[in-house]
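Geometric and topological summary
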Amino acid sequence: MSNMYNTKLLTMNALQLNANIYESLSIISKDETLLTKEEYLAKIDRALQQAERGDVIEFSTKEEMNEWLRSL
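This structure is a prediction, so every number in the text was calculated from the model and none was measured.

1. Focus on the confidence of the model for the protein
Here the protein averages 80 in pLDDT, and 81% of its residues register 70 or above. Mean pLDDT across the secondary structure elements of the protein bottoms out at helix 1 (residues 3–11), with 56, and peaks at helix 4 (residues 62–71), with 94.

2. Looking at the packing of aromatic side chains
The full count for this structure, using the stated rule, is one aromatic pair. With 5.7 Å between their ring centres and 55° between their planes, Phe 59 and Trp 68 make a pair best called tilted. Residue Trp 68 is classed as partly exposed on the basis of its relative accessible area, which comes to 33%.

3. Thoughts on helix 3 (residues 37–53)
Taking 1.5 Å of rise per residue, the 17 residues of helix 3 would be expected to cover 24 Å, and the 25 Å separating its terminal C-alpha atoms lies within 8% of that figure. Gly 54 sits one or two positions beyond helix 3 and adopts a positive phi of about 85°.

What counts and what doesn't
Residues numbered from 1 in each chain as written. Predicted model: local features only at pLDDT ≥ 70, side-chain atom pairs only at ≥ 80, totals over all residues. Heavy atoms only, no water. pLDDT = per-residue confidence, 0-100. Helix = DSSP H or I, 4+ residues; strand = E, 2+ residues; numbered from the N terminus. Phe/Tyr/Trp six-rings, centres within 6.5 Å; stacked < 30°, edge-to-face > 60°. Buried < 20%, exposed > 50% of the residue type's maximum accessible area, 1.4 Å probe, protein only. Expected span 1.5 Å × (residues − 1).

Below, the structure written as structure tokens:
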């Protein structure tokens, strides 16, 4: 972190800090490309089900993984 950023944080009072956080969160919440909590949890559930079925890709080395990624 830059010194200027640290100084700014140190000089903010709690109300200013909360307002800054709220503003940042409202910008994020307007991003329509983000998953909802339900969508996120559903993706995790699907991934767990795939792993339980053995529908996974395993690599023994980093090179194997990189080779597979380059083939996509």
